[in-house]
Amino acid sequence: MSPAIAAHEYSPWDFWSEATPSEREAQLLLQQTVVAGRPDHELGEQCFLSELASIDNDSLRLGDRTYVAAGAYLTGDLRAGADCSINPYTVIRGRVTMGDGVRIGAHTSILGFNHSMESGTPVFRQPLTSKGIEIGDDVWIGSHVVILDGVSVGSHSVLAASAVVTKDVPAGAVVGGNPARFIRWRVEPDDTGIHPDAAADAAARGTEERPDSPEPREPVETPSAVLAALATAASEGGVSPELLSVPELRPAPMPLSGASDADPAHMPANAIAIAPDARTATSDNVVTAAATSPATDDTAGLAERVAELAARARDEASVVLQRAWNDDLGLFTDRPGAAPTVRAQADAIEIADLLLGAAPPQTSVEAQIRRLQRWQDAATGAVAPLDADGRQREGLGFSHEDVAYHVLSTGYALDLLGSEFPAPLTWVTAATPELVVEFCESLPWATDAWGAGHHIDGFGTAILWTKRAGHPIPAGVEEALFGWLLLNTDPQTGMWGSATSDRGLLPVVNGFYRASRGTFAQFGVPLPHPDRVIDTVLRHARDPRWFAPGARNACNVLDVAHPLWLARGSGYRDDEVRELAARLLSDALATWVPGAGFSFREPSPATRGLTDTEPGLQGTEMWLAILWYLADLAGVADALGYRPRGVHRPEPAATLR
């Protein structure tokens, strides 16, 4: 008779409170065997690994009190937080990341990889691909669930038993079925302008394919049995079978009532507010739902609206510039009542160049050149920010965020005025290849990819002005910069840095724009993984925290438009890119404020009164550039009648050789 298998192998949640001293010792010895000699394996306190599980990971990180039960099969790169349960016969393969408190029912498969399917080659010879799977905190995954590669599961969500999850799951949502569809909210969106029912409808639309001819549906009330079943299901097993016995698992579409906006910190990860009668389409996790303006404008109609906006902007350009001029200081401010900044002078020059084809008329070209050149420190080449009285601050170097950006804004402003920096930029002239690598390695890619990209942009642009002025660049400096970027590009995203738990892909995409603008774009060097860049940007662009009506700002939209434009050319996902560009362009055209320009953040009823929704030079300069990129992607750029020539110029400014 075979010895009985210890119950803890299959039900390990009480192991550390019930196990004998010898059982605990055996468990610790097993864990030591798993991590021995594997610096990429790490187990937290009071974890449990069943002797009957197959743990064959390339890298493994398990947080405190996370357990792996008998029959589980783990491969690839797994990172799990604290208090996670990997129950019997669960399969987790590929690149999978999960937060704290993720409970996984038995017989579930989480597959963070896939096979290619090109014709002419047997499947077993096809290469593997992996986008990875991300699961948030406090997620309940029922038994027999399948999660496919590339899916993101939001925090506090529930995946009903036997769900086949092929698309992203909004935070706080309950989904079920094959393919998984929205059922209800476990954690409803806060009351921040979007009614929960409307957000639920948007989530439901985002997780289903659009039929060729949508049929209207009668409203269906979610049965009370569903709500009761969710409340009473066992904490470690699959979602109650009562859920699967109810045929009407989806609420009917409900239109928005009035204008809406959302608090980005609390909006569900896949809920995009949809105007009545707007059409939606999904492809590879990308939601292309119309927001405040229809995405169905034909090209001619959109081009007409673009031309009308451009004509209005040109007619009102002088008024917009005069509005921001401070006669007492003889300087531009971003908007009336604001303090003067170096950037405001540069923004005014860029706006005048775009819309008037000349320098701002408030003062002579020579005076503007003298001021910008006088602001450059003769010893270091740095341009320090101004105080409230228009005087420069002292003691700041290129590590300061504003100083790094002034390499771009002041340098390109001088260039548009037909001049240049008078002093060398020691950021580059004193560099060495070793210092460049050390600089790149020191940047906060994991925690603040935008900040890292910001400084790469500044350094790359410092190389541009150094080359333009004919100052010698130490041997190997350019090679070190581009070599580091090429060697450290994530082949899965085509970008640098890591997503964060609170901001998702925002810092990665925004940081990529800044870093690639100052290097690959500025010097005409091809991107290493352009298709992956498009994948990442399209995935990011359906995150309503940053792209729902009223949540969008100039940085976030520019940082989507420019990478898509830079990565274009192969035809990859062109239709989706064109549709997204047309929708964002259509919405942006409606936000021009007569006589004042664009605000940095698009206005909405919920954001009225916020400083960044007041029209100003920064918002106007950035949105004018954004309009060009979106219009070019949508095929209507000729209607604008301008093309950026400064910081946001589309053409390379120089070559490396």
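Small disclaimer: the values here were computed from a predicted structure and weren't measured.

Cut-offs and rules
Residues numbered from 1 in each chain as written. Predicted model: local features only at pLDDT ≥ 70, side-chain atom pairs only at ≥ 80, totals over all residues. Heavy atoms only, no water. pLDDT = per-residue confidence, 0-100. Contact = heavy atoms within 4.5 Å. Pairing = 2+ DSSP bridges. Helix = DSSP H or I, 4+ residues; strand = E, 2+ residues; numbered from the N terminus. Expected span 1.5 Å × (residues − 1). Core = buried A, V, L, I, M, F, W, Y, C linked by side-chain atoms within 4.5 Å. Buried < 20%, exposed > 50% of the residue type's maximum accessible area, 1.4 Å probe, protein only. Phe/Tyr/Trp six-rings, centres within 6.5 Å; stacked < 30°, edge-to-face > 60°. Lys NZ or Arg CZ within 6 Å of the ring centre and 35° of its normal. Axes fitted to C-alpha atoms, helices over the stretch in contact; angles between N-to-C directions. Parallel < 35°, antiparallel > 145°, perpendicular 65-115°, else oblique. Left-handed = near helix turned anticlockwise from the far one by under 90°. Nonpolar A, V, L, I, M, F, W, Y, C, P; charged D, E, K, R; others polar. Polar contact = N/O pair within 3.5 Å; in protein donor to acceptor, adjacent residues only side chain to side chain. Salt bridge = Lys/Arg side-chain N within 4 Å of Asp/Glu carboxyl O.

What about the confidence of the model for the chain?
Logical step 1: Here the chain averages 84 in pLDDT, while 82% of its residues score no lower than 70.
Logical step 2: Confidence drops under a pLDDT of 50 for residues 191–297, and excluding neighbours within four residues, the segment shows 222 contacts in the predicted structure.

Examining the sheet that holds strand β2 (residues 48–49)
Logical step 1: Overall, mixed pairing links the 8 strands, which are arranged β2-β4-β6-β8-β13-β16-β18-β19 in an open sheet. The strands lining the two open edges of the sheet, one partner per strand, are β2 and β19 (181–185).
Logical step 2: Where strand β18 (residues 173–176) lies against β19, 4 bridges are found, and the strand directions are antiparallel. Directly across from Gly176, in β19, lies its bridge partner Arg181.

Topic: helix α12 (residues 449–469)
Logical step 1: Across its 21 residues, α12 extends 30 Å between first and last C-alpha, which sits within 8% of the 30 Å expected from 1.5 Å per residue.
Logical step 2: Count one or two residues on from α12 and you reach Gly470, which has phi positive near 80 degrees.

As for the nonpolar core
Logical step 1: Of all hydrophobic cores here, the largest spans 120 residues; its most connected members are Ile456, Phe459, Leu585, Leu617 and Leu627.
Logical step 2: Take this core: its biggest share by element is 12 residues, from helix α19 (residues 617–634).
Logical step 3: For Leu627, the residues in contact, after removing those within four places along its chain, are Leu309, Leu585, Ala588, Leu589, Phe598, Leu640 and Tyr642.
Logical step 4: The next biggest cluster of nonpolar side chains, apart from the first, holds 37 residues, and it includes Ile86, Val151, Val165 and Trp185.

Some details on unusual backbone geometry
Logical step 1: Between Asn178 and Pro179 the backbone carries a cis peptide bond, its omega angle lying at -5 degrees.
Logical step 2: In this structure, Pro179 sits in the loop between β18 and β19.
Logical step 3: Even without glycine at this site, Asp138 takes up a positive phi of about 55 degrees.
Logical step 4: Within the element layout of this structure, Asp138 appears in the loop between β12 (133–135) and β13 (140–141).
Logical step 5: The phi torsion at His156 lies on the positive side, around 65 degrees, for a residue other than glycine.
Logical step 6: Assessed through its relative accessible area of 33%, His156 is described here as partly exposed.

Concerning the packing of aromatic side chains
Logical step 1: Using the criterion set out here, one finds 22 aromatic pairs in the structure.
Logical step 2: Between the aromatic rings of Tyr10 and Tyr89, the centroid separation amounts to 6.2 Å while the plane-to-plane angle is 45 degrees, which identifies the pairing as tilted. Of this pair, Tyr10 sits in the segment before α1 (15–18) while Tyr89 sits in the loop between β6 (85–86) and β7 (91–98), and the two are 79 residues apart along the sequence.
Logical step 3: Its relative accessible area of 38% is what places Tyr89 among the partly exposed residues.
Logical step 4: Cation over ring: Arg568 sits above Trp565, and NZ or CZ is 3.6 Å from the ring centre.

Quick look at the environment of Phe332
Logical step 1: Turning to its location among the elements, Phe332 is positioned in strand β23 (residues 331–332).
Logical step 2: Relative accessible area serves as the criterion here: at 3%, Phe332 is assigned to the buried category.
Logical step 3: For Phe332 and Gln345, which are 13 residues apart along the polypeptide, the C-alpha to C-alpha distance reads 5.5 Å.
Logical step 4: What Phe332 contacts, discounting residues up to four positions off in sequence, is Leu321, Ala324, Trp325, Pro340, Thr341, Ala344, Gln345, Ala348, Pro360, Gln362 and Leu617.

Examining the packing of helix α9 (residues 401–416) against α12
Logical step 1: Following both chains from N to C, one finds α9 and α12 inclined at 40 degrees, their axes separated by 9 Å at the closest point. Considering the angle they form, α9 stands oblique to α12. Judged by the sense of rotation from one axis to the other, the crossing of α9 with α12 is left-handed. For the pair α9 and α12, contact is made by Glu401, Ala404, Tyr405, Val407, Leu408, Gly411, Tyr412 and Asp415 and by Trp450, His454, His455, Asp457, Gly458, Thr461, Ala462, Leu464, Trp465 and Arg468, respectively.
Logical step 2: Looking at the contact of α9 with α12 residue by residue, the classes come out as 9 nonpolar, 5 polar and 4 charged.

Regarding the side chain of Arg601
Logical step 1: Considering the arrangement of structural elements, one finds Arg601 in the loop between α18 (574–589) and α19.
Logical step 2: Within the local environment of Arg601, its side chain forms a polar contact with the backbone oxygen of Gly550, the two atoms lying 2.8 Å apart.

Section: helix α15 (residues 530–540)
Note that an α-helix has 3.6 residues per turn; residues three or four places apart therefore point the same way.
Logical step 1: Extensive coverage of α15 is indicated by the burial of 8 of its 11 residues.
Logical step 2: Within the span of α15, buried status applies to Val533, Ile534, Asp535, Thr536, Val537, Leu538, Arg539 and His540.

A few points about the pattern of salt bridges
Logical step 1: Tallied over the full model, the rule gives 23 salt bridges.
Logical step 2: Here Arg391 and Asp389 are joined by a salt bridge, their closest N and O atoms 3.2 Å apart.
Logical step 3: Asp389 sits in the partly exposed class, given a relative accessible area of 46%.
Logical step 4: The partner of Asp575 in a salt bridge is Arg578, and the shortest N-O contact between them spans 3.0 Å. One end of the pair is Asp575 and the other is Arg578, both in helix α18 and 3 residues apart, which spans about a single turn.
Logical step 5: Classification of Asp575 as exposed rests on a relative accessible area of 58%.

Notes on the pairing of β7
Logical step 1: Inspection of the sheet shows strand β5 (residues 73–80) paired to β7 by 6 bridges, in the parallel sense. By the bridge assignment for β7, Ala80 is matched with Met98.
Logical step 2: Note that β7 and strand β9 (residues 109–112) share 4 bridges and pair parallel. Its bridge partner lying in β9, Ile92 is registered against Ile110.
Logical step 3: As paired strands, β7 and β12 are joined by 3 bridges and run parallel to one another. From the neighbouring strand, Met98 faces β12, where its bridge partner is Ile135.

As for the packing of helix α11 (residues 433–442) against α12
Think of two packed helices as two axes; the pair is described by the angle between the axes and how far apart they sit.
Logical step 1: Following both chains from N to C, one finds α11 and α12 inclined at 155 degrees, their axes separated by 10 Å at the closest point. As the angle between them shows, α11 and α12 are arranged roughly antiparallel. Seen from above, α11 lies across α12 with right-handed handedness. Note on element contacts: α12 touches α11 through His455, Ile456 and Phe459, opposite Val436, Phe439 and Cys440.

A look at the environment of Val169
Logical step 1: With respect to the secondary-structure elements, Val169 resides in the loop between β17 (164–165) and β18.
Logical step 2: Residue Val169 is classed as buried on the basis of its relative accessible area of 3%.
Logical step 3: Sequence spacing of Val169 and Leu159 is 10 residues, and the spatial spacing of their C-alpha atoms is 8.8 Å.

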